[in-house]
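Observations on chain architecture
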Amino acid sequence: LGERATLEEARRRAPWLVESRDEDVGAPDEVYFSDDVPGGQVTFVWGTKQEARLLLTQSPGSPFAEKMLGPGSETEQTEVNGRRAVWFFGEEHFFVFRDRNGAMQEDTGRLVGNTLLWELDDLTVRIEGDLSKKQALEIARSVR
């Protein structure tokens, strides 16, 4: 996930940062910043790094994204605030995306759970957890 940071530090290091405004979700318990992805990557964790209930990960990147699905995994097209999104559900997965420098980056699914992936301006944003599609979309619609 990168190095632990305060929310204020993440905001300073990632001026593009967006956050959930969903009152039911509240503020993240932990924040991580990584320089492993060009432009940086921020991950909000609800719970702990060792026992996460929910992750919201974001990084600057191009519109290309691909999710590798294994047996027992499925995908559905959806939208978040009028923008294309993809809902992945079922078994574990891994995620491949093109960073802002055009290089392919691979990221493994951190939770056994479902994932909502969408683009918000020049960001790739991902919500991951033991959520229904409806719950994930509610959280995603609050992200600004």
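Described in the following lines is the structure provided in the data block. On a predicted model such as this, the values are computed, not experimentally measured, just so you know.

Reading the values: the criteria
Residues numbered from 1 in each chain as written. Predicted model: local features only at pLDDT ≥ 70, side-chain atom pairs only at ≥ 80, totals over all residues. Heavy atoms only, no water. Buried < 20%, exposed > 50% of the residue type's maximum accessible area, 1.4 Å probe, protein only. Helix = DSSP H or I, 4+ residues; strand = E, 2+ residues; numbered from the N terminus. Pairing = 2+ DSSP bridges.

1. Examining the pairing of strand β3 (residues 41–47)
With seven of seven residues buried, β3 lies mostly within the body of the structure. In this structure, strand β2 (residues 30–34) lies alongside β3, joined through five bridges in antiparallel fashion. Each bridged residue has a counterpart across the sheet, and for Phe-33 the counterpart in β3 is Val-42. Counting the residues that bridge the hairpin from β2 to β3 gives six residues, and of these Gly-39 lies at a positive phi of roughly 90 degrees.

2. Some points on unusual backbone geometry
Of note in the backbone geometry, Asn-81 takes a positive phi value of approximately 50 degrees without being a glycine. As for its placement among the helices and strands, Asn-81 is situated in the loop between β5 (73–80) and β6 (83–90). Even without glycine at this site, Asp-121 takes up a positive phi of about 55 degrees. Within the secondary structure, Asp-121 is located in the loop between β9 (114–120) and β10 (123–129). On the basis of relative accessibility, which here comes to 57%, the residue Asp-121 falls in the exposed class.

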